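Reading the structure
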Amino acid sequence: MPFDQTVNIGSLTLKNPVLTASGTFGYALEYDDFYDVAALGGICTKGLSLTPLVGNAPNRICETAAGMLNAIGLANVGVEAFCREKLPQLRARGVTVIANIFGTTVEEFVAIAERIEKDEGVHALELNVSCPNVKKGGLLFGCDANLSAGVTNAVKRVTKLPVWVKMSPEAGDAVGVARACQEAGADAITAINTIRGASIDIEAQRPRIHHRTGGLSGPAIKPLALRIVWDLASALDIPIIGIGGIATAADAIEFLLAGATAVQVGTANFADPEAGAKVMRGIAAYCEKHGVAVRDLIGRVKRNGP
Amino acid sequence: MPFDQTVNIGSLTLKNPVLTASGTFGYALEYDDFYDVAALGGICTKGLSLTPLVGNAPNRICETAAGMLNAIGLANVGVEAFCREKLPQLRARGVTVIANIFGTTVEEFVAIAERIEKDEGVHALELNVSCPNVKKGGLLFGCDANLSAGVTNAVKRVTKLPVWVKMSPEAGDAVGVARACQEAGADAITAINTIRGASIDIEAQRPRIHHRTGGLSGPAIKPLALRIVWDLASALDIPIIGIGGIATAADAIEFLLAGATAVQVGTANFADPEAGAKVMRGIAAYCEKHGVAVRDLIGRVKRNGP
Amino acid sequence: MGPSYHLLTFEAGQEIVAFPGQFAMVRGATWGQAPLLPRPMSLLEPGRRPAILIKIVGEGSRRLAHASPGEPFDLLMPLGNRWSPCPAGQRPILVAGGVGIAPLLFFARELAASGVRATMLYGGRSASDLPLSEEVAEVSDARFLTEDGSRGTRGRVTALLESAIGETRGKSKVYACGPDRMMAKVAEISRGLGVPCEVSLETPMACGYGVCLGCPVKRTSGGYLYACMDGPCVDAAAIAWEP
Amino acid sequence: MGPSYHLLTFEAGQEIVAFPGQFAMVRGATWGQAPLLPRPMSLLEPGRRPAILIKIVGEGSRRLAHASPGEPFDLLMPLGNRWSPCPAGQRPILVAGGVGIAPLLFFARELAASGVRATMLYGGRSASDLPLSEEVAEVSDARFLTEDGSRGTRGRVTALLESAIGETRGKSKVYACGPDRMMAKVAEISRGLGVPCEVSLETPMACGYGVCLGCPVKRTSGGYLYACMDGPCVDAAAIAWEP
Ligand SMILES: Cc1cc2nc3c(=O)[nH]c(=O)nc-3n(C[C@H](O)[C@H](O)[C@H](O)COP(=O)(O)OP(=O)(O)OC[C@H]3O[C@@H](n4cnc5c(N)ncnc54)[C@H](O)[C@@H]3O)c2cc1C
Ligand SMILES: Cc1cc2nc3c(=O)[nH]c(=O)nc-3n(C[C@H](O)[C@H](O)[C@H](O)COP(=O)(O)OP(=O)(O)OC[C@H]3O[C@@H](n4cnc5c(N)ncnc54)[C@H](O)[C@@H]3O)c2cc1C
Ligand SMILES: Cc1cc2nc3c(=O)[nH]c(=O)nc-3n(C[C@H](O)[C@H](O)[C@H](O)COP(=O)(O)O)c2cc1C
Ligand SMILES: Cc1cc2nc3c(=O)[nH]c(=O)nc-3n(C[C@H](O)[C@H](O)[C@H](O)COP(=O)(O)O)c2cc1C
Ligand code: FES
Ligand code: FES
């Protein structure tokens, strides 16, 4: 391949820098009708908890300007069912699997990681310390440097897999939290998870989301995500995986230029199930046009003078 | 008037709950061709500094999905020119004037407030402790409870005018910062200022904003702003003035229902110079339809069960 | 058709095989970043020129309704399940509220094609809320109801349901699509008379194919059904209707 | 017209009094939340049916260019200042690059109406980048240039400027609109030959009427000009061109 698309996230080499985001791609098996998901750099599973969760009461979603709110509440099949029912099928397809995991305590995170360790087929763990839609855990961890580092460190001790930590944009000091995770052994930082928002139905005079607030995602948050990724990439030594509002290859390339080593496509999968594949192809076309390998795009944005 | 539109922000009674936002409405004199700005609840001036500022190098603005980034850098005529050249004209028109003021030190804030105190015609001060586009001051103040409270307290001591403090959405603990300002004597909290974002031109491989980052505003941030206003209104005793992405009366009513006592229209003025007037009329129509005074809308949103 | 109902027909470029009850996720190819999500719409007709019936309730439906000829759209279809077949010996009673007629007219046509003329109770606020009523009358034994009495019987569709079921001496199956409150009432009446009832769920949806988990509906047996994957056509008895 | 240039004419419903160099802020009334901001566009024609010339460079210009007949738009106009009149005894030399022709064709028509036939140097990448060239030739002494030689002289507009000024023996005034780099070069040549030069600034704009402060242009005397209020037509000598 003249314009190499592979990137390295620590010890893990991805076929290309495009992953699909947790919670927006199911367990990837849903995409058989659309495209070969094994061609992706990777897929991040729906957030896995120690035991199955049914999630929040409806309404869980509503649309906002160029974005959406969601308060799914981490409805998922649980790590056990995932490993037994989904993982073998993903393995058979040759998919690069990132398990997104969520616990309400450090012990839960550790137990999930240990369970995953027992099977083959997961290539990295992504710690969701930034879910805004659950009562316990979630944001509490992700906005605090010590707590985030504590989770990271505890998980690192029980797994041989690379550990990615997924950041909240609500941490007052995102760089500080990320740096603490880096020091605790994180192999990469994923940024960003959603930021909490609200919407009110003025005729019913009720929140549109039953949970009152939901996580804002989609193109609306792209500038925010890009800024945070840029800040993190400038400050840290480990790779940053950029996410937030990416719908096109052009969006993804902005993140690469800002310093992301890879990107994730989230909400865009809803409007177009093939969004991930299109972003992948578009990046390759840009590399060809500019005559560069994808890793030469990383952090290439020029700085302006004062 | 059967459906009273007046609201009280501390000791100040506004004709109606609609103001126009700082930096998006010039000094209000620019609107003579469009409508009578004295009919508004109030206008917030462009941020005034102690001495005139020329602002940042171009490009200062760019559009994003349902939003825009700006890094104007607080270009303004300075408080002296404002008081001499603009204020008399505003006074003559009977406009309710909120002076938005900005300093890089507590002393500067105080000096500006003292200068304004000397003239008639300003009805309240809005402290911009949350500007993301300047090298000193700005966010530094607004994200720290002690610093914000310090500025508030110092200004309160030299002015008889009501003091509003304008919050940054980037404070890790917005409620904590606002509460500290309340305790320091703030008469109201304005929320929110812009949140920092970035955008990259992938062909030029350069930031679209010379300053690298700019403040994100417009409909994109409305869910975020509404959530913060809702949180603040639930936690504080002083009035909250809601702002962020308000373009229509329906948007404004969401903020009132969430607990804002008044609202500000910002970026929407650019697409439609009459946006403020339209929001004003739309709220009155809603009050008529629902048979309530505007103050009965404040905080009226219903809570969902668990 | 009333001012707020619109029929939209697409040139699919290929034969779309779909069944009554199934839906499409529809998005304008030129919408850009807002509206962001595709909108779920029941299929009214399959084939090379699939059609939907739109009621304007917000920005997305407004743009669909006012599409200009030749405007490009992205459609994901067919999605979800179909109305379950009506068992032999049971008479199908279709109960439609307003735009809920779309999947039921499609169903009535399928039934008619197989030689079964369904009973249709079709209601709305006023005469203009009964789009496609002539087409409905062609393929079913239709009774119209309006709340203001401007067409057919004055009242709500549920007013005639009991007698319609009675006419079949309980040998019927009810299929309903319309506002939640109407469907809950239809479900209650059917249960009371011991006849099976199926409803087509309407919830907000982001994806339409099971990955966002944004379309839950409370289940009587605990937890949630997902409207796009477990429905939209579901046994009414499985649903824990909101009070 | 080339594939990426489009003429858009509005039914203003009233007489728009505007002068060459002034612009409009244009936004589709149905755009909703994105594109958010109106787009600045030079007026090509005033009157009851004002017109603009659009080059597609992004989403906003694409939507304008592909507007369907009857589509509603919000226009704020006229905004900004006009080209300053050409002093008696000086020959107007208009230098246009691509879509920069719009305010200059308007100007050439005004000059022609007052009995002055301007010199026009009109350049683009290739023949298809010279929209409205026939209209231009009608009202001015036009010389066309293309970089690929597909029409007129091969080269850039600036190639002929020196000789055009020379022909007037320095008794001319230059008016330029086009890409920044072209205008900088035109300004440099004019200054070198001691003739006055005016340019029409293009910057991003949010409001168009002086409140956002988003349209600064660096001034030689320090600080900034604002393109919407101090321009768009400004003395080229006042501008500190980027290197
Ligand atoms: C399986 C399925 C089939 C459907 N079939 C049809 C159809 O054939 N014809 C038709 O006109 N509509 C149908 N709908 C409803 C349609 O999807 C919504 O009306 C549409 O998405 C609203 O989009 P909007 O942008 O116009 O309104 P929005 O601005 O999104 O919302 C306007 C109002 O409608 C409510 N709303 C939003 N989404 C839905 C929804 N899915 N169901 C009910 N209310 C909603 C909102 O709460 C709000 O009060 C169907 C929905 C589902 C789930
Ligand atoms: C006073 C004035 C008069 C103008 N007259 C015309 C005209 O008659 N015809 C015409 O086609 N265009 C004209 N323009 C330029 C036009 O406003 C921009 O091309 C348009 O706003 C781009 O919008 P977009 O959404 O298509 O592109 P965007 O997606 O906003 O941007 C696409 C590309 O164009 C660049 N761009 C954005 N805004 C401008 C701008 N104002 N000037 C130059 N480049 C820009 C961006 O940096 C980006 O690279 C004028 C601009 C000004 C300030
Ligand atoms: C419906 C939905 C469900 C999500 N579920 C998860 C999740 O389980 N775990 C997680 O880490 N992030 C979750 N996210 C966050 C996304 O992975 C992503 O960080 C965020 O949506 C921003 O990216 P986007 O704008 O591309 O969607 C979810 C997002 C959405 C919209
Ligand atoms: C171009 C521009 C300039 C602004 N200047 C100021 C300012 O001088 N002082 C200030 O407190 N806020 C300023 N703001 C922030 C707005 O007042 C407002 O808080 C923010 O834009 C969010 O509201 P909106 O989405 O309605 O625009 C500015 C915003 C914009 C877009
Ligand atoms: S609509 Fe996404 S899971 Fe049902
Ligand atoms: S465009 Fe807003 S000040 Fe010039």
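Residues numbered from 1 in each chain as written. Chains lettered and ligands numbered in written order. Predicted model: local features only at pLDDT ≥ 70, side-chain atom pairs only at ≥ 80, totals over all residues. Heavy atoms only, no water.

**A look at the relation of the copies chain A and chain B**
For the pair chain A and chain B, the relating rotation is 180°, the translation along its axis is 0.0 Å, and the fit reaches an RMSD of 0.0 Å. The superposition operator between the copies reduces to a two-fold rotation axis. No C-alpha of chain A lies nearer the rotation axis than that of A:Gly172, which sits 1.9 Å from it. Mapped onto chain B, 100% of the interface residues of chain A are again interface residues, and the two copies thus contact each other with one and the same surface. (Least-squares fit on C-alpha atoms with pLDDT ≥ 70 in both. Contact = heavy atoms within 4.5 Å.)

**Digging into the sheet that holds strand S7 (residues 118-124) of chain D**
Residue and element names in this part refer to chain D. Judged by pairing direction, the sheet is mixed, and its seven strands sit side by side in the order S9-S8-S7-S6-S10-S11-S14 without closing on themselves. This sheet does not close on itself; its edge strands, each paired only once, are strand S9 (153-154) and strand S14 (233-235). Pairing geometry for strand S11 (residues 197-200) and S14, over three bridges, is antiparallel. Each residue of the ladder has a partner; that of Glu198, found in S14, is Asp235. Contacts from helix H2 (residues 101-113) reach strand S6 (91-97), S7, strand S8 (140-146) and strand S10 (172-177), with the element oriented near 155° to S6. (Pairing = 2+ DSSP bridges. Helix = DSSP H or I, 4+ residues; strand = E, 2+ residues; numbered from the N terminus. Axes fitted to C-alpha atoms, helices over the stretch in contact; angles between N-to-C directions.)

**Digging into the relation of the copies chain D and chain C**
With an RMSD of 0.0 Å, the fit of chain D onto chain C corresponds to turning through 180° and sliding 0.0 Å along the axis. When the interface residues of chain D are mapped onto chain C, 100% of them again lie at the interface, so the same face is used by both copies.

**With respect to helix H7 (residues 249-258) of chain B**
Judged by how many residues are buried, H7(B) sits mostly within the fold: nine of ten residues are covered. Residues of H7(B) that are buried include every one of B:Ala249, B:Asp251, B:Ala252, B:Ile253, B:Glu254, B:Phe255, B:Leu256, B:Leu257 and B:Ala258, and no others. Buried residues along H7(B) sit in contact with strand S12 (200-201) of chain A together with helix H6 (222-235), strand S15 (240-243), strand S16 (262-265) and helix H9 (275-290) of chain B. Just downstream of H7(B), B:Gly259 is the residue with a positive phi angle, here 120°. (Buried < 20%, exposed > 50% of the residue type's maximum accessible area, 1.4 Å probe, protein only.)

**Quick look at the confidence of the model for chain C**
Chain-level statistics for chain C give a pLDDT mean of 95 and a share of 99% at 70 or above. Both scores are available for the predicted complex, with the pTM at 0.97 and the ipTM at 0.96. (pLDDT = per-residue confidence, 0-100.)

**Side note on the pattern of salt bridges**
All names here are of chain A. In the structure shown here, the tally under the stated rule is 50 salt bridges over all chains. Taking the shortest distance from any N to any O, the salt bridge between Arg115 and Glu80 comes out at 2.7 Å. Highlighted residues: Arg115 in helix H2 (residues 106-117) and Glu80 in helix H1 (residues 78-93), separated in sequence by 35 residues. Look at Arg115 and you get buried, because its relative accessible area is 13%. (Salt bridge = Lys/Arg side-chain N within 4 Å of Asp/Glu carboxyl O.)

**Side note on the packing of helix H2 (residues 106-117) of chain B against helix H4 (residues 145-158) of chain B**
A packed helix pair is summarised by two numbers, namely the angle formed by the two axes and the spacing between the axes. All names here are of chain B. Two elements in contact, H2 and H4, have axes whose closest approach is 9 Å; the angle formed by their N-to-C orientations is 25°. If you check the angle between H2 and H4, you find them roughly parallel. For the element pair H2 and H4, the recorded crossing hand is right-handed. Contacts between H2 and H4 involve Val106, Phe109, Val110, Ala113, Glu114 and Glu117 from the first element and Val151, Ala154, Val155 and Val158 from the second. (Parallel < 35°, antiparallel > 145°, perpendicular 65-115°, else oblique. Left-handed = near helix turned anticlockwise from the far one by under 90°.)

**Concerning the interface of chain D and chain C**
Counting residues at the interface gives seven residues for chain D, matched by eight residues for chain C. When chain D packs against chain C, the two sides together hide about 440 Å² of surface, and 38% of this comes from carbon and sulfur. When the area that chain D buries against chain C is broken down by residue, the three leading residues are D:Thr30, D:Ala34 and D:Arg63, summing to 61%. At the junction of chain D with chain C, the criterion picks out zero salt bridges. In this structure, the connection of chain D to chain C is made through three residue pairs in polar contact (both at pLDDT 80 or more). (Buried area = accessible area lost by both parts, 1.4 Å probe. Polar contact = N/O pair within 3.5 Å; in protein donor to acceptor, adjacent residues only side chain to side chain.)

**With respect to the site of ligand 4**
All names here are of chain B. Looking at ligand 4, there are 24 residues lining it, with Ser22, Lys166, Gly218, Gly245 and Thr267 nearest. Within the backbone of Gly218, an N or O atom sits 2.8 Å from an oxygen atom of ligand 4. In isolation ligand 4 exposes 600 Å². Once the protein is present, 98% of that is buried. Looking at the shell around ligand 4 residue by residue, the class counts come to seven nonpolar, 15 polar and two charged. (Near = heavy atom within 4 Å. Areas by Shrake-Rupley, 256 points an atom, 1.4 Å probe, with all protein chains shown as cover. Nonpolar A, V, L, I, M, F, W, Y, C, P; charged D, E, K, R; others polar.)

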